[in-house]
Amino acid sequence: MDLLLDAVVIGVLLGCFYAAVSIGLSVSFGLLDVPHVAHPAFLVMASYAVFFLNDRFDIDPLVAGLLITPLLFLFGLAAYRLYYETFERRGTDAAVRGIAFFFGVAFIIEVLIILQFGVDQRSVTASYIGKAWRFGDMRIPLRLVVAFAVASALTILLALYLSKTFMGRAIRAVAQDEEAVRLMGANPVRIKQWAFGVATAVLGVAGALLIIVAPVDPTLDRAYIGRTFCVVVMAGLGSMSGTLIAAIILGVAETIVLTLFGASWAPAISFAMLLGVLAVRPQGLLGRRS
């Protein structure tokens, strides 16, 4: 029972971290319907940018994540524009060809990272890395507590942005009825481009959390593609609060399986949960039936 309690606590903290790395995909895939399979590669790229700033200039990883956020926003604008002009604008089979496009982008990013940083794992240094809080017999890594706090704040801020600001409501309007937005005189392509930029920008902080929680390597995106899509689909496409809830469920399930059955079973949990949700409740936990 003590081990199970430890697994649940660590799972909740880990789940909030999963929410942070998935919330951008909840916007790009959940709201914009863009088959963004390169999302984890963008995440790893952001982590390496944080590593570079931390290693070269001794900047705190979280501060480094905030510094690269504007650059990632511009990168997201350019990436969506290229995707739109190449595939989405032509209409037919855009999703299928878009998957191939983003797989290609992910592969290019992975190769560029290897050429620049090599294949070795990279990590960052900070005052909260390597320390732990003790509560009785329970030992909680401080880096997970930091990830929990930052991820929770990031999720809340993005949810407020989408629900309270004019551009956030415009993004949701495009997701619901793009043609109606066009008839009202707005440009849905520019709104979607802005939304994709926002979805990429949040990876600055998410990438910082990724390398804070554990060392990264160029192929780490392959381990997170199942987790991020599982969280987004299980949450209900485009649901920010659902993303947080689904991520916590996944985090707790992974740590319990890891504790009871060993590490070899943990990576399969995300795919098993994804298949289960698609079979039982395809619209997700907080999604609505179309």
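Note that this is a predicted model, so its numbers are computed, not measured. Each chain carries its own residue numbering, running from 1 in the written order of its sequence. Note on the predicted model: pLDDT of at least 70 is required for a residue's local features to be given, and 80 or more for side-chain atom pairs to be given and counted; whole-chain, interface and lining totals, by contrast, use all residues. In computing side-chain values, all of the structure's heavy atoms are included and hydrogens and water are not.

**Observations regarding the overall build of the protein**
Helix numbers and strand numbers start at the N terminus; a helix is a DSSP run of H or I with at least 4 residues, a strand a run of E with at least 2. Regarding its fold elements, the protein presents 12 helices and 2 strands. We take the radius of gyration over the C-alpha atoms and set the globule estimate at 2.2 Å times the residue count to the 0.38 power. Computed over C-alpha atoms, the radius of gyration of the protein comes to 19 Å, within 12% of the 19 Å expected from 2.2 N^0.38 for 290 residues, which places it in the range of a compact globule. Dimensions along the principal axes, computed over C-alpha positions, put the protein at roughly 60 × 45 × 35 Å. Any residue under 20% of the maximum accessible area for its type is buried, any over 50% is exposed, and the rest in between are partly exposed; the area is computed with a 1.4 Å probe on protein chains only. Considering the protein as a whole, with its 290 residues, one finds that 51% of them fall into the buried category. Should any heavy atoms of two residues lie within 4.5 Å, those residues are counted as being in contact. Counting contacts in the protein only where the partners sit at least 6 residues apart, residues at least 24 apart contribute 76% of the total. For the protein, the accessible surface area stands at approximately 14000 Å², while carbon and sulfur atoms represent 67% of it. On the protein, the mean spot of the 21 positive side-chain charges and the mean spot of the 18 negative ones are 6 Å from each other. For accessible areas, the Shrake-Rupley method is used with a probe of radius 1.4 Å. Any residue's cover is judged against the shown protein chains and nothing else. Only four residue types enter the tally: Lys and Arg on the positive side, Asp and Glu on the negative side; His and the chain ends are excluded. A single reference atom marks each charge: NZ on Lys, CZ on Arg, CG on Asp, CD on Glu.

**Considerations on the pattern of salt bridges**
Opposite charge on two side chains permits pairing when their charged atoms draw close. Salt bridges are defined as contacts in which a side-chain nitrogen from Lys or Arg sits within 4 Å of a carboxyl oxygen from Asp or Glu. In the structure shown here, the tally under the stated rule is 6 salt bridges. Of the charged contacts in the structure, one is a salt bridge between arginine 81 and glutamate 85, with a shortest N-O distance of 3.1 Å. Taken as a pair, arginine 81 and glutamate 85 lie in helix α3 (residues 61–86) at a separation of 4 residues, close to a single helical turn. Note on arginine 81: relative accessible area 32%, which makes it partly exposed. Linking glutamate 179 and arginine 182 is a salt bridge whose minimum nitrogen-to-oxygen distance equals 2.9 Å. Here the residue glutamate 179 and the residue arginine 182 both occupy positions in helix α7 (residues 178–183), the gap between them amounting to 3 residues, near one helical turn. On the basis of relative accessible area, glutamate 179 is assigned to the partly exposed category, the value being 43%. Linked by salt bridges that have partners in common, Glu178, Glu179, Arg182 and Lys192 make up one network.

**Quick look at empty space enclosed by the protein**
Every definition here rests on a 1 Å grid over the protein atoms only: cavities are sets of points where a 1.4 Å probe fits but cannot get out, pockets are open sets enclosed by protein on both sides within 12 Å along at least five of seven lines, and lining residues have some atom within 4 Å of a point. Grid points are joined across faces, edges and corners, and a volume is the space filled by probe spheres set on the points. Evaluation of the coordinates by the stated rule reveals 1 cavity of 30 Å³ or more. Approximately 30 Å³ is the volume found for the largest cavity. Looking at the lining of the largest cavity, the elements with two or more residues in it are α2 (39–57) and α4 (94–117). Here the lining of the largest cavity gets 4 residues from one element, more than from any other, and that element is α4.

**Some words on the environment of alanine 247**
Looking at where alanine 247 falls in the secondary structure, it is placed in helix α11 (residues 240–261). On a C-alpha basis, the gap between alanine 247 and isoleucine 225 in space is 14 Å, while along the polypeptide they are 22 residues apart.

**Here we look at the pairing of strand β2 (residues 138–141)**
Here, any two strands with at least 2 DSSP bridges between them count as paired. Inspection of the sheet shows strand β1 (residues 132–135) paired to β2 by 4 bridges, in the antiparallel sense. If you follow alanine 132 over to β2, its bridge partner there is proline 141. Between β1 and the antiparallel strand that follows it, β2, lie 2 residues; glycine 136 among them carries a positive phi value of about 65°.

**Brief notes about the confidence of the model for the protein**
Every residue gets a pLDDT, meaning the predictor's confidence in that residue, from 0 to 100. Chain-level statistics for the protein give a pLDDT mean of 88 and a share of 96% at 70 or above. Mean pLDDT per element in the protein: helix α12 (residues 268–280) is the minimum at 81, and α2 is the maximum at 96.

**Section: the packing of α3 against helix α8 (residues 188–201)**
The description of two helices packed together rests on the angle between their axes and the distance between the axes. Fitting a line to C-alpha atoms yields each axis, with helices limited to the stretch in contact; the angle taken between N-to-C directions then spans 0 to 180 degrees. For the pair α3 and α8, the least separation of the axes is 7 Å and the interaxial angle reads 135°. In this view, α3 runs oblique relative to α8, as classed from their interaxial angle. Seen from above, α3 lies across α8 with right-handed handedness. When α3 is examined against α8, the residues Thr69, Leu72, Phe73, Phe75, Gly76, Leu77, Ala79, Tyr80, Arg81 and Tyr84 are found in contact with a partner set consisting of Val189, Lys192, Gln193, Trp194, Phe196, Gly197, Val198, Thr200 and Ala201. Under the convention adopted here, Pro, Cys and the residues Ala, Val, Leu, Ile, Met, Phe, Trp and Tyr are nonpolar, Asp, Glu, Lys and Arg are charged, and Gly plus all remaining residues are polar. Of the residues belonging to the contact of α3 with α8, the class tally is 12 nonpolar, 5 polar and 2 charged. The scheme is simple: roughly parallel for angles under 35 degrees, roughly antiparallel for over 145, roughly perpendicular for 65 to 115, oblique for anything else. Here a crossing is taken to be left-handed if its near helix is turned anticlockwise relative to the far helix by less than a right angle, and right-handed if that turn runs clockwise.

**Some points on α11**
The end-to-end C-alpha distance of α11, which contains 22 residues, comes to 31 Å, matching closely the 32 Å that a straight helix rising 1.5 Å per residue would cover. If you check which residues of α11 are buried, you get Met240, Gly242, Thr243, Ala246, Ala247, Leu250, Gly251, Val252, Glu254, Thr255 and Val257. For the purposes of these results, a polar contact is taken to be a pair of N or O atoms within 3.5 Å, where, inside protein, one atom must be able to donate a hydrogen and its partner to accept one; residues adjacent in sequence count only when each atom of the pair is a side-chain atom. Capping of α11 at its N-terminal end is provided by serine 239; its side-chain oxygen lies 2.9 Å from the backbone amide nitrogen of glycine 242. Downstream of α11 by a residue or two, glycine 262 has a phi angle that is positive, lying close to 105°. In a helix, the anticipated span is given by 1.5 Å times the number of residues less one.

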